[in-house]
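Residues per chain are reported as follows:
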Amino acid sequence: MSTAGRPAAAGDDDDDELERLRAELRHLRARARVRPLISQAQGMLQERYALADGESAFALMQQASQRYNVKLRTLADVLVTAPRPGDGEPLWFPRRVRLPPPDLTFTTVPASGSPSRSAVLRAVLNHTLTVTDTGMGNVQLPDRARGGLRIEEHTGLTPDFVDFFAHVGEDGTSCARAARDVAQITVRDVESDPVFTGPARRAILAAGSRACHSVPLTTPTGLCVGMVSAHMDRPLRGLTTAQTKALDAMGAQAGRWLAWHDRTVVLDALEHLHALGRARRGARLRRS
């Protein structure tokens, strides 16, 4: 190997090691965001059903999560914020009315029944990116335990972007403003728009985004239950009336469906968890 080639090889090794360390740091931060919530839910279940240990409580959540195809984090998020079931009550939500899922016209509903929440969120993202003609975007959902929004689905964005915006508060971003105003927000030029904090602006520009458009996913009563944002690699003049109308229609459909999913599928999972906990009270369980 020539002398000229050795420094380049060493530099490549340094770059690889740096990226490995950055990836490890992103992974640790992701775990740190979720682990306290899971631990809180475990503690609540262990006390409520007199379970032998935290592992038994985790196994209880895992069974409900797998049966109803509800993410463990989602289940824990609702569990720690929902009213406690009544002592001795066989049902957690005894007066709940179950309704059929609302129609979705922007995605194909499987013949077996309602699609999973992940499938609907991916369809929301794909539809938004098609309407706005870009390949970068993400979907966020409300974080019940912490407030603000958390990324649930994304495509075309850098790992550093996803790490930085994994959770956003109520200010400093266009998606936060769209959630607060319950209205579509267009940022024509990320570099000059005052909606962003300095760190947020730098993170977006570093990911190659120069403009973005955020669309709230809303219920018929005007409650924001999610957010989808498209990012463009060049400044944006603005969307057409046809584009905003299409995104409004999608946001209303998706919002109705997400509200239905929270009131139906997620609560079904909690009811199943409650039944298991009552049946296995005081037991020692293990995760699958």
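Calculation criteria
- Residues numbered from 1 in each chain as written.
- Predicted model: local features only at pLDDT ≥ 70, side-chain atom pairs only at ≥ 80, totals over all residues.
- Heavy atoms only, no water.
- Helix = DSSP H or I, 4+ residues; strand = E, 2+ residues; numbered from the N terminus.
- Buried < 20%, exposed > 50% of the residue type's maximum accessible area, 1.4 Å probe, protein only.
- Contact = heavy atoms within 4.5 Å.
- Areas by Shrake-Rupley, 256 points an atom, 1.4 Å probe, with all protein chains shown as cover.
- Lys, Arg positive; Asp, Glu negative; His and termini not counted.
- Charge placed at Lys NZ, Arg CZ, Asp CG, Glu CD.
- Patch = residues over 30% accessible without salt bridge, like charges linked within 9 Å, V, L, I, M, F, W, Y side chains within 5 Å.
- Salt bridge = Lys/Arg side-chain N within 4 Å of Asp/Glu carboxyl O.
- Phe/Tyr/Trp six-rings, centres within 6.5 Å; stacked < 30°, edge-to-face > 60°.
- Pairing = 2+ DSSP bridges.
- Axes fitted to C-alpha atoms, helices over the stretch in contact; angles between N-to-C directions.

Peer 1: Any chance you could explain the overall build of the chain here in plain terms?
Peer 2: Per the secondary structure count, the chain includes eight helices and six strands. Ordered by position from N to C terminus, the α and β elements of the chain give α-α-α-α-β-β-α-β-α-β-α-β-β-α. Based on the C-alpha atoms only, the size of the chain along its principal axes is roughly 70 × 55 × 35 Å. Of all 288 residues assigned to the chain, the portion counted as buried reaches 45%. Relative to all contacts within the chain whose residues are 6 or more apart in sequence, the contacts with residues 24 or more apart total 64%. By element, 52% of the accessible surface of the chain is carried by carbon and sulfur atoms, the whole surface being about 14700 Å². Across the chain, 38 positive and 32 negative side-chain charges occur, with their mean positions spaced 6 Å apart.

Peer 1: Got a minute to help me understand a negative patch on the surface in this structure?
Peer 2: Residues Asp-12, Asp-13, Asp-15 and Asp-16 make up a contiguous surface patch of negative charge. With respect to the helices and strands, the residue Asp-15 is situated in helix H1 (residues 5-48).

Peer 1: Explain unusual backbone geometry here, please?
Peer 2: Only a minority of non-glycine residues have a phi that is not negative, and only a minority of peptide bonds are not trans. Despite not being glycine, Asn-69 has its phi angle at roughly 55°, a positive value. Looking at the element boundaries, Asn-69 is found in the loop between helix H2 (54-68) and helix H3 (72-79). Taking the relative accessible area as the measure of exposure, Asn-69 reaches 55% and is therefore exposed. Within the chain, Val-182 stands out as a residue other than glycine whose phi angle is a positive 50°. For Val-182, the position within the fold is in the loop between helix H6 (174-181) and strand E4 (185-187). Overall, the relative accessible area of 33% leaves Val-182 in the partly exposed class.

Peer 1: Just to check I follow, could you spell out the packing of aromatic side chains for this structure?
Peer 2: Aromatic ring pairs are defined here through the distance separating the ring centres and the angle between the ring planes. For the structure on display, the rule yields four aromatic pairs. Look at Trp-92 and Phe-93: their rings are 5.3 Å apart centre to centre, the planes differ by 0°, and that puts the pair in the stacked class. Exposure class is identical for Trp-92 and Phe-93. Each is buried. One aromatic cluster in this structure is built from Phe-161, Phe-164 and Phe-165.

Peer 1: Can you help me understand the sheet that holds strand E1 (residues 136-142) in this one?
Peer 2: Pairing between the strands of a sheet is mediated by backbone hydrogen bonds and can be parallel or antiparallel. Pairing in this open sheet of six strands is antiparallel, and the strands run E3-E2-E1-E6-E5-E4 from one edge to the other. What marks the edges here is a single partner per strand, and that holds for strand E3 (167-168) and E4. Examined bridge by bridge, E1 and strand E2 (residues 149-155) share six bridges and lie antiparallel to one another. Among the inter-strand pairings, Leu-141 is bridged to a residue of E2, identified as Arg-150. With respect to the sheet, helix H8 (residues 241-279) is in contact with E1, strand E5 (211-218) and strand E6 (224-232), its orientation differing from that of E5 by roughly 45°.

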